[in-house]
Amino acid sequence: MRASKFFGILDIISIILLAKQVWGIVTHLNEIPDQILSQVKVILLLPLFVSLFVSATGLLLFKKFGFITYYIQFPFRLLVWVFSIGFITYLPELFNLTMNDQWFTLLLRICFIAEFFRLYFTIQIHRNRLRNNY
């Protein structure tokens, strides 16, 4: 149950970090580039952002809908780079390290791998919850 709450808190952090970007998209919808990838990212990011509220609430309350919402989010998180520990990509800036491609590539790989670990642990928590029927 504690891990579920931890994952809920990570979703809240994602909401906070994405809020400015989503607000910029919503207020400038007519300025989205005509490129297909840019449009797909916007189309996927907006519902993903809204679903973060659902998963955060569900995971904090240890409800089944929180787990299911995360399972639905998972592939879209990978596509639009909304990672549970994505905030670590800000660490070089925080510690005044020169932000070069090596830091970003390393931290992005860590985020990507960590998302799969989160999926694994979420499944384990959900299975235990179903076994114990609570």
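Residues numbered from 1 in each chain as written. Predicted model: local features only at pLDDT ≥ 70, side-chain atom pairs only at ≥ 80, totals over all residues. Heavy atoms only, no water.

Quick look at the packing of aromatic side chains now. This model, assessed by the stated rule, comprises 9 aromatic pairs. Look at Trp81 and Phe104: their rings are 6.3 Å apart centre to centre, the planes differ by 45 degrees, and that puts the pair in the tilted class. Placement of Trp81 in the loop between helix H3 (64-80) and helix H4 (91-94) and of Phe104 in helix H5 (residues 101-132) is noted, with a sequence separation of 23 residues between them. Aromatic rings pair up to connect Tyr70, Phe74, Phe83, Phe112 and Phe116 into one cluster. Looking at Arg118, its charged tip hangs above the ring of Tyr70, at a distance of 4.1 Å from the centre. (Phe/Tyr/Trp six-rings, centres within 6.5 Å; stacked < 30°, edge-to-face > 60°. Helix = DSSP H or I, 4+ residues; strand = E, 2+ residues; numbered from the N terminus. Lys NZ or Arg CZ within 6 Å of the ring centre and 35° of its normal.)

For helix H1 (residues 2-27), with 26 residues, the first-to-last C-alpha span of 37 Å sits near the 38 Å given by 1.5 Å per residue. Of all the bends in H1, the greatest measures close to 45 degrees and is centred on Leu18. Within H1, burial applies to Ser4, Phe7, Gly8, Leu10, Asp11, Ser14, Ile15, Leu18, Val22 and Ile25. (Expected span 1.5 Å × (residues − 1). Bend = angle between axes of the 7 residues up to and from the residue. Buried < 20%, exposed > 50% of the residue type's maximum accessible area, 1.4 Å probe, protein only.)

A word on the packing of helix H2 (residues 36-60) against H3. Contact pair H2 / H3: the axes reach a minimum separation of 9 Å and the direction vectors enclose 150 degrees. By the angle between their directions, the pair H2 and H3 is classed as roughly antiparallel. The two elements H2 and H3 meet at a crossing, and its hand is left-handed. Each of Lys41, Leu44, Leu45, Leu48, Ser51, Leu52, Val54, Ser55, Thr57, Gly58 and Leu59 in H2 lies in contact with H3, whose residues at this interface are Phe65, Gly66, Phe67, Thr69, Tyr70, Gln73, Phe76, Arg77, Leu79 and Val80. (Axes fitted to C-alpha atoms, helices over the stretch in contact; angles between N-to-C directions. Parallel < 35°, antiparallel > 145°, perpendicular 65-115°, else oblique. Left-handed = near helix turned anticlockwise from the far one by under 90°. Contact = heavy atoms within 4.5 Å.)

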